[in-house]
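Residues per chain, in single letters:
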Amino acid sequence: MTRAIQWATGVTGMTSLRHVIERADLDLVGVRVYDPAKAGVDAGTLCGGGEVGLHTTANRDEIISTEADVVLYMGKVETDTPGCFADVCDLLASGKNVVATGSRFIHPRSLHASLADGIENACRTGQSSFLGVGLYPGFFGESLAPVLSRLTARTRRISVREVLNYSSYASHDLIFNAMGFGHAPDDTTPLLTNPDYAASAWIGSATVLAQSLGLEIRSVQGFREVQTTPRALTVAAGEIPAGTVAAMRFGVEVDCGAAILAVEHLTRMADDLAPDWPTEIGYELSFDGEPNLKCHLVIGSHDQDHAKQGCLATAMHAINAIPTVMAADPGLYDISTIAPFVAHWTNR
């Protein structure tokens, strides 16, 4: 049985924790929390189930010293990149494999060589492996575009887009401090108001996609557009005053010579905002070429919360990667370099 640690219990982390506990092939041996109110709580109780006899801890060093085979790392890498990479390197150096979610883990070298070098050095020290995954980024474009490319003679542009309503997403830190909802359009305080930072959220995804297609990146251009709400909105993460940002689209366009790769995220806090932007909820992949192709993926049924179902899909992508990451030679991997893997279902 694989000994697993769940690191962080936000929206996706809590979903992951619940499924780790339920799986017969995983033995939960540690849970790292940040909120003092969650510390010392039975892990099963924390995620809404029965007691499992393992209590959470906010002590970073205690978790790093815990004997385990793999860590499902879901810390806030978007808002604390140096701290989260330091965590991952310490975990890897201690001999634990790590599967991490978050856009900045998808392809660390595309952000800065030192981030990738740190992980590679830690993998050598601990004889461990690292993989960054997700749903978008970390799965949809990187996995499906190479498969669909088999059907084409040529293409001028590959576009990958996520369209979601985030009104039910309860992370105040991500929604307000990082993305910039609820702020004036000209407020430069939130992280994503920096065009370079906005681009960095997607450059890893575009780089992995380019690698998968055998393309060489020539140039990168990031972009961010916002629209305001004419009325005050109450959403899961807090209050969005009238006249502040309540819809945004941001991403990156990458010139690869033979084709342009565009990766974009579009979020609204109410369905009627920004009506001129694409409105169909889900994930769209399109090829402009011979032939033209379009693929649309919806996570969850019409009566389910698509954002929460996306968090479930992200958690399961990480969990289902565990056997392959553990079997891999020590080192830093991404979706284009790790061996293919599928879900491991158990009878219920």
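Computed from a predicted structure; not experimentally measured.

About the criteria used
- Residues numbered from 1 in each chain as written.
- Predicted model: local features only at pLDDT ≥ 70, side-chain atom pairs only at ≥ 80, totals over all residues.
- Heavy atoms only, no water.
- Helix = DSSP H or I, 4+ residues; strand = E, 2+ residues; numbered from the N terminus.
- Rg over C-alpha atoms; globule rule 2.2 N^0.38 Å.
- Buried < 20%, exposed > 50% of the residue type's maximum accessible area, 1.4 Å probe, protein only.
- Contact = heavy atoms within 4.5 Å.
- Lys, Arg positive; Asp, Glu negative; His and termini not counted.
- Charge placed at Lys NZ, Arg CZ, Asp CG, Glu CD.
- Expected span 1.5 Å × (residues − 1).
- Arc of directions from axis to C-beta.

## Quick word on the overall build of the protein chain
Looking only at helices and strands, the protein chain has 10 helices and 14 strands in total. Computed over C-alpha atoms, the radius of gyration of the protein chain comes to 20 Å, within 12% of the 20 Å expected from 2.2 N^0.38 for 348 residues, which places it in the range of a compact globule. Out of the 348 residues belonging to the protein chain, those deemed buried represent 52%. Looking at the protein chain alone, contacts between residues at least 24 apart form 72% of all its contacts between residues at least 6 apart. Looking at the protein chain, you have 24 positive and 39 negative side-chain charges, and the mean spots of the two groups are 4 Å apart.

## Focus: the environment of Ala318
You can see Ala318 is positioned in helix α10 (residues 306-327). Ala318 has contacts with Leu72, Met74, Val99, Thr101 and Val133, leaving out every residue within four places of it along the chain.

## Points about helix α6 (residues 113-126)
When the terminal C-alpha atoms of α6 are compared, their 20 Å separation across 14 residues agrees well with the 20 Å that a helix rising 1.5 Å per residue should span. Of all the residues in α6, the buried ones are Leu115, Ala116, Ile119, Ala122, Cys123 and Gly126. Considered in projection along α6, the buried side chains sweep an arc of 130° and stay on one side of the axis. More than 90 degrees from the buried face of α6, the exposed residues found are Arg124 and Thr125. Buried residues in α6 make contact with α4 (81-93), α5 (108-111), β5 (129-133) and β14 (331-333). Following α6 by one or two positions, Gln127 adopts a phi angle in the positive range, close to 50°.

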